[in-house]
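What follows is each chain in one-letter form.
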Amino acid sequence: MNSPPKLHPGLNLGPAHGDDHEAAENSIFGFWVFMMSDLVTFGMFFALYATALHATAGGPGPKDLFDLSSVAWQTGFLLVSSLTSGLALLHVKTHHHRSGAAIGPMLFWLLATVALGGLFLWREIGDFQAMAAQGALPTRSNWLSSLWALVGLHGLHVSIGMLWALVIALGVLLRGVDQRWKLTLLRWGVFWHFLDIVWIAIFSFVYLGGLR
Amino acid sequence: MFVSVFHLLATAGNYLEPVGPIAGTERAHLIKVIWVSMIAIGPALLATPLILWRYRRSNARAAYTPKWEGNRLLEIIMWGVPIAVVTWLSLHIWKSTHQLDPYRPLAEEAITVQVVGLDWKWLFLYPDQGVALVDELIVPEGQAVHLILTTDTVMQSLQIPALAGQMYAMPGMTTHQWFFAGLPGETRGFNAQFTGLGFSKQEFVVKTVTQAGFEEAMASMQSAPPLDEATYSKLAERGTPTETKLALGISTDATLRFRLAEPQLFARVLGRYHTGQPLASEAQPGSADYRAEAAALPAAMNTMPMHHHHD
Amino acid sequence: MTDSLCGNLTWDSIMLVKAWKDPNVNNLITAGAAAMIPVGALMVPLLLLWTGWWRPLFRDWLASVDHKKIGVLYIALAVVMLFRGVVEGTLMRLHHATALHGGVLSPDHFNQLFTTHGTTMIFFVAMPLITGLMNVVIPLQLGARDVAYPRLNQIGFWLTASGGFLITISLLIGQFATGGWSAYPAYTGSIFSPGVGVDYWLLSVGLSGIGSTLSGVNFAVTLYKLRAPGMTFMRMPLFLWTSLCVSILLVLIMPPLTVACITLGLDRYLGFHFYTNDLGGNLMNFINLFWMFGHPEVYILALPAYGVMSEVASTFSAKRLYGYPSIVVATMCIAVLSFLVWLHHFFTMGQSALVNAVFGIATLIIAIPTGMKVYDWLATLWRGRIRFTTPMIYLCGFLVLFVIGGLTGIILANPTIDFQVHNSLFLVAHFHNVIIPGVVFGMLAGLHYWFPKVFGFRLLESWGRTTAWLWIVGFSVTFFPLYVAGLMGMRRRAVDYADPAIQPYMIVAAIGSLILCLAFLALLGTILRSILLRKQLAVPLGDPWDARTLEWATPCPPPEYNFAVLPEVTARDAFWEAKENGTAYAPVEKYEDIHLPPPTYYGLWIGAFASVLGFAVVWHIGWLSLLGLLGSIAVPIAYALLPYREIILPAAEVQKQDEAWRCAARETDGVTRDEEAHATNRGLAKPDELEIEFAAAER
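Let us look at the structure shown here. Quick caveat, the model's predicted, so the values are computed rather than measured.

Parameters and conventions
Residues numbered from 1 in each chain as written. Chains lettered and ligands numbered in written order. Predicted model: local features only at pLDDT ≥ 70, side-chain atom pairs only at ≥ 80, totals over all residues. Heavy atoms only, no water. Helix = DSSP H or I, 4+ residues; strand = E, 2+ residues; numbered from the N terminus. Buried < 20%, exposed > 50% of the residue type's maximum accessible area, 1.4 Å probe, protein only. Contact = heavy atoms within 4.5 Å. Areas by Shrake-Rupley, 256 points an atom, 1.4 Å probe, with all protein chains shown as cover. Lys, Arg positive; Asp, Glu negative; His and termini not counted. Charge placed at Lys NZ, Arg CZ, Asp CG, Glu CD. Buried area = accessible area lost by both parts, 1.4 Å probe. Salt bridge = Lys/Arg side-chain N within 4 Å of Asp/Glu carboxyl O. Polar contact = N/O pair within 3.5 Å; in protein donor to acceptor, adjacent residues only side chain to side chain.

Within chain A, the secondary structure is distributed over 6 helices and 0 strands. Listed N to C, the secondary structure of chain A is α-α-α-α-α-α in terms of helices and strands. Once the C-alpha set of chain A is aligned to its principal axes, its extents read approximately 65 × 30 × 25 Å. The proportion of buried residues among the 212 residues of chain A is 56%. Contacts spanning at least 24 positions in sequence make up 77% of the contacts within chain A whose residues lie at least 6 apart. Surface accessibility of chain A: about 8,800 Å² in total, with carbon and sulfur atoms responsible for 70%. Both charge centroids of chain A, one from 11 positive and one from 11 negative side chains, sit 2 Å from each other.

Given below as structure tokens:
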């Protein structure tokens, strides 16, 4: 097989992986298409948020609520988790084209990603609790509804990504890093990086923009 | 000539028989658009049966070109004709939409009417004349009328087909509709946006009267019962016009005319949605739980109502 | 006790109990319809057990990941739901015939009827019809063995079916929304619409919407990645081009609908303020979101019909499609422009004249590629040899009636005219004019055209033609009067009217709706009668219409893997070219093993848990919602961890099947055009002498 080294956007397994590399083409391409759909979903929530900027209905606004240091921590956790997820994938790319490669390092990076995701969620939930304590619940105003929904949707995605990573870890332990799990890892990688990108948008528009 | 045609049709109540210049122009647009579109559509309508007949398989004398799949000249015509027609229509849309923009003020001097959509009736407030009417809009002949619309329930749409097209009315917001009244006569208006059980009954009468008749009607209402907050709260209860009259204890063929005792009523209705406080279902007109006594209007607005601006 | 165990569900929620206690006309009509659910729920399993059909049903259909079977399931779902939709439409028309100052139905009942009618027809008839047809046709026309993700395909179907389940069960338990298929708040908010109706709408539309998104992804990847060798984009049959546009649209426009459902749900369930009147809520956002989905949706429905009509025009006039590149460009233009016109659904919301003018003009521009297509179809028929088969009759009806729908569309694109006819029966007539002749005729033509491909036998021509004429006449008699009534000022969704001049039009429309009922029955009759005569109608050799594209280069029905060897494509009408060169049924040199995805109940499980989740959420039953949710999460995890083994079909087996078919085709002398609809047509049809002469002369 003389397949080109790059068959789809993002990290490719490479021709050394033979059939696995080939099989990734359709699988990852389709997942990208799905992510574009998800991107529109986030886009709609961003649009709703943008129209809600002044709809605080006399309730608290960004300047009353946003804790930039907590958000900075969350951003840090998520950015580092992108790195660790990338390391997990790189390990698969560089080692698992032959049989008998150790799965330890891959699992380590995978679980590190989950842990960092957990830290992110822990700080985010803390922020939501603090807002709730100040009466800034989504039932208070259109702006708060939009904020909770947008940031909450991202948090939900992070939770799904973590659950997915745990399932992958279990699957890899049960069945080894075979073609199926390699492709799942690649898709999960796209998903996790996507969450980072969405977060950067949230961080810039919602938090930094809100405090401007 | 226009005027006399309107006069002849002054009792009719639909778009095809307009009684005012705005609706008249809107009808003229309909006719114009149909004719112009026919340039592109007519040939297709004519050609379809002709081609189907001529090239039926049983007709062995007709030509047959199984591999023919393109012709440059034909292609140019096929793209060109729709493009030409659409270009003309687009210019027309550009001009007419600006010309008949319902927000465009039609005159310096105008009758201003504040309109509150309720379930399932319309309340017309005349702030300058200090009167209010339910399901009755009285306008002086030939005058420019400026309707400022809102609702105190779900979204509605006010339309007086023989005078002007429709415009949505939304709670906590205002929208605008300008039109010219025609010659003396009556026509009907209604809510065109579905609003639930009594929707089909939400119709009203538009009475175009002479200038003198208008002044007389306005003056006569100065001695009518007052429309204050309490009366308004009763009116706002959901019900068809008939049900409302029964609830108020008046005859079903009587008219509901008031002296506007609360000049700030319209602003306060708008303010209901801008207090920064949640609105319980008992306090929301149009809801089945609504109770007049639980629905006090805000005394003063905390926030300016969001105007739906026209840029 | 009932509170925690059954949520808001009580005995009185059940329609039959309600009708027993208060037997008025409205309750009895609804109860009569509702009674069909428990009766069906009892009878169907009993019938299946008694006949022993349950085994093949589960094994060969519900567990199948074969795109053809999933396509058939979609179409079957659509036909069942169409029954409900047609009955509801007819009820409304009959009601209006009597509704001068009143009428038979109560406002509440009428309001539910137009809401369920619209929701059913769009989401559970039109959508499954196009998804079903695309499922059946895309891989076959593409020269592929299946769609890109067969299991995902199954999941998409079952999510749609669970939405259909919810809207159906709402007839029996509780009631449906009254806010129209577009469900504008604040009317559909919890203050104005307490109760379960809107929740049923949210959940059924939301679930089927997710299914549609998945279908869109699947078809898009199939079309991008699984084209047969040599099948370049500019060689794809037109139906595939329209499918590609539809897939892209599905991927990008279902999210606004999903977001609209989620946010309205948050308002209703958790007291959020996206669209409430108070605390800054903004109902205009919902309207924008809904139509950002809703307008492209119109083209999602219409484009595949254009695709079908392109195939039909070319096949039944025995001629190449005229202006293929132009039609492709026009299709793409329509798809792109469809994103840019959503605001024309609310010219009357008070935005500036500038905005209205821009969106009005954008809408008009769509008329250019659409008009272009009509000319192209006419040019395809011109100098053809037209056979008036059933699909061709649908095409004739389409060409005339759809053009009129286009005209009224141009009218509505003018804001100044829209101010007058918006929200009137004129609008109702317009979109039925676009959807029935445009979409339904296209789908029915497609059904007739491809039915033999899937089932192995043709539908009866005589019945088919009668059915087509009934649809054409029924549509015209029903909806042209509605245009007039609309211009006379009759509002849409009004339960009654006060102007006696409107009544005659309503009576004519009611008669028309009865003709449409007859058309629906005739459609069922066509199918049933053809099943009975299937031996005479069988076309095993695969090409009963002497057609042009790759799906006909397989037996009828095709094997599960579609193509024994993937075809090499060298021209636009690939199969026609092969027939002309005499290579259509040539022996194959080498066969290879074929890998097939294994059957699975994955989709069925997802659908079952999604239905449970939906029902429990509607009725606020906490524990059951949790069960449904956990189930919906556990199923994918379980299937991810379970072993996955493809079925391998050995080359020798494939060769045996394929050679038998090729030999039979080579040894059969095809029927002439005159015998196309006769029992002698075994799936091999050939051109007339005259046609061959002309073709030779043209070369």
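What follows concerns the interface of chain C and chain B. Across the contact, 98 residues belong to chain C and 98 residues belong to chain B. Buried surface at the junction of chain C and chain B, summed over both partners, amounts to about 8,700 Å²; 66% is from carbon and sulfur atoms. Where chain C packs against chain B, one counts 7 salt bridges. A salt bridge links C:D496 to B:K201, with the nearest nitrogen and oxygen atoms 2.6 Å apart. For the pair chain C and chain B, the interface holds 41 residue pairs in polar contact (both at pLDDT 80 or more). If you list the elements that add at least two residues to the side of chain C that touches chain B, you get α6 (107–142), α10 (283–316), α11 (324–337), α12 (353–381), α13 (390–413), α14 (415–421) and α23 (689–698) of chain C.

For the rest of this paragraph, the subject is the environment of A:R187. All names here are of chain A. If you trace the backbone, R187 turns up in helix α6 (residues 179–211). Here the alpha-carbon distance between R187 and G30, two residues 157 residues apart in the chain, equals 9.4 Å. Beyond its immediate stretch of four places on either side in the chain, R187 contacts S27, I28, F31 and W164.

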